[in-house]
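Breakdown of the fold
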Amino acid sequence: MKKALIIVFIIAVSCISCDLTKPKIDMNVVINEKVKIDKIENPAQKLYIQRSLSKKRIVIQNVVVKEITTSTNIDYDFCVIVDVNTSKGLVECFIYSKNINKIAKLEKGKSKIEIIGEFSKFFTMLDEYFIKIEIIKAKIKILDTK
C-alpha cells in the first residue's frame, strides 16, 4: 500500500511540474508565429505550429481590463477581455480562468492585470483588430485598481 502511495505521489508531482516547466513567451512571439502561419499553405504545418504554441505559457503584462463577460467556452464561467498593442496592431485577448474570486475583484476599465495562461486558438473577424486570441488556464494577477 505504501509503495502505491509513493508511486501516486511521484506521478502527481511530475504532472504538476510539467506545467511549471512550460516556457514563457510574450505576445510578440505569438504574433510572429501567427504571421508565419498565415504564410504557410500546408494545413498540417499550420496545426503543428498552433500545437507548439499551446505547449507554452503566454505572458501579458500591465494591461487594463476591457470587459468581463459570461463565457462562451463551456469549461469556464467568465471571460476577461483585454487589448494588447503589438507591432502588427491591436490584439484582443479572451482570457479564461477558473479563479472566480479573482475575476470578481476586477473592474472594467480600471483594473490593471498581468496574465499567464496557455494559448488555445486564434480567430479573426472583420474589425479593427489584427487578431483575436483565446487564452485558457490563466492565472490573473491584479496589479492596480484605480
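Scroll up a little and you will see the structure.
Below, the structure is looked at part by part. Nothing here was measured: the structure is a model prediction, and the numbers come from that model. (Residues numbered from 1 in each chain as written. Predicted model: local features only at pLDDT ≥ 70, side-chain atom pairs only at ≥ 80, totals over all residues. Heavy atoms only, no water.)

Another point: the environment of asparagine 28. The topology assignment puts asparagine 28 in helix 2 (residues 27–39). Spatially, the C-alpha atoms of asparagine 28 and asparagine 85 are 9.5 Å apart, while their sequence positions differ by 57 residues. Apart from residues no more than four positions distant in its own chain, asparagine 28 is found in contact with Thr86 and Ser87. (Helix = DSSP H or I, 4+ residues; strand = E, 2+ residues; numbered from the N terminus. Contact = heavy atoms within 4.5 Å.)

Let's shift gears to the pattern of salt bridges. All chains considered together, the criterion is met by nine salt bridges. For lysine 110, the salt bridge is made with glutamate 107, and the minimal N-O distance between the two is 3.8 Å. Here glutamate 118 ties to lysine 137 by a salt bridge, and the two come within 3.7 Å at their closest N and O atoms. Taken as a pair, glutamate 118 in strand 5 (residues 111–123) and lysine 137 in strand 6 (residues 131–145) lie far apart in primary sequence, 19 residues in all. Linked by salt bridges that have partners in common, Lys66, Asp83, Glu92 and Lys132 make up one network. (Salt bridge = Lys/Arg side-chain N within 4 Å of Asp/Glu carboxyl O.)

Next up on the list: the environment of lysine 132. Relative to the elements of secondary structure, lysine 132 occurs in strand 6. Sequence spacing of lysine 132 and lysine 121 is 11 residues, and the spatial spacing of their C-alpha atoms is 8.5 Å.

What follows covers unusual backbone geometry. Among all residues except glycine, the phi angle is most often negative; among peptide bonds, the trans geometry is most common. You will see that asparagine 62, though not glycine, has its phi angle at about 55°, which is positive. Mapped onto the elements of the fold, asparagine 62 is located in strand 2 (residues 57–70). We classify asparagine 62 as partly exposed; its relative accessible area is 47%. For lysine 137, which is not a glycine, the phi torsion comes out positive at approximately 50°. (Buried < 20%, exposed > 50% of the residue type's maximum accessible area, 1.4 Å probe, protein only.)

This part takes up the packing of aromatic side chains. In the structure shown here, the tally under the stated rule is three aromatic pairs. Aromatic side chains tyrosine 76 and tyrosine 96 sit 5.5 Å apart centroid to centroid with 40° between the ring planes, which places their arrangement in the tilted category. In this pair, tyrosine 76 is assigned in the loop between strand 2 and strand 3 (78–86) and tyrosine 96 in strand 4 (residues 89–96), connecting sequence segments 20 residues apart. Overall, tyrosine 76 belongs to the buried group, its relative accessible area being 10%. With a centroid separation of 5.4 Å and an interplanar angle of 40°, the aromatic rings of phenylalanine 94 and phenylalanine 123 are classed as tilted. Placement of the pair is phenylalanine 94 in strand 4 and phenylalanine 123 in strand 5, with a sequence separation of 29 residues. The class for phenylalanine 123 is partly exposed, based on a relative accessible area of 26%. (Phe/Tyr/Trp six-rings, centres within 6.5 Å; stacked < 30°, edge-to-face > 60°.)

Moving on, we come to the nonpolar core. Counting residues in each nonpolar core, the largest one holds 30 residues, and the members touching the most others are Met27, Ile60 and Ile95. Secondary structure elements with two or more residues in this core: helix 2, helix 3 (43–53), strand 2, strand 3, strand 4, strand 5 and strand 6. Not counting the four nearest positions on each side in its chain, isoleucine 95 is found in contact with Ile60, Phe78, Cys79, Val80, Val82, Ile115, Ile135, Ala138 and Ile140. Core analysis: the next-biggest nonpolar cluster, separate from the first, contains six residues, Cys79, Ile81, Phe94 and Ile136 among them. (Core = buried A, V, L, I, M, F, W, Y, C linked by side-chain atoms within 4.5 Å.)

Okay, helix 2 next. Given a rise of 1.5 Å per residue, 13 residues ought to cover 18 Å, and the 19 Å separating the end C-alpha atoms of helix 2 matches this to within 8%. Residues Met27, Val30, Ile31, Glu33, Lys34, Val35 and Ile37 constitute the buried set of helix 2. Taking the backbone nitrogen of asparagine 28 as reference, a side-chain oxygen 3.2 Å away marks aspartate 26 as the first, capping residue of helix 2. (Expected span 1.5 Å × (residues − 1). Polar contact = N/O pair within 3.5 Å; in protein donor to acceptor, adjacent residues only side chain to side chain.)

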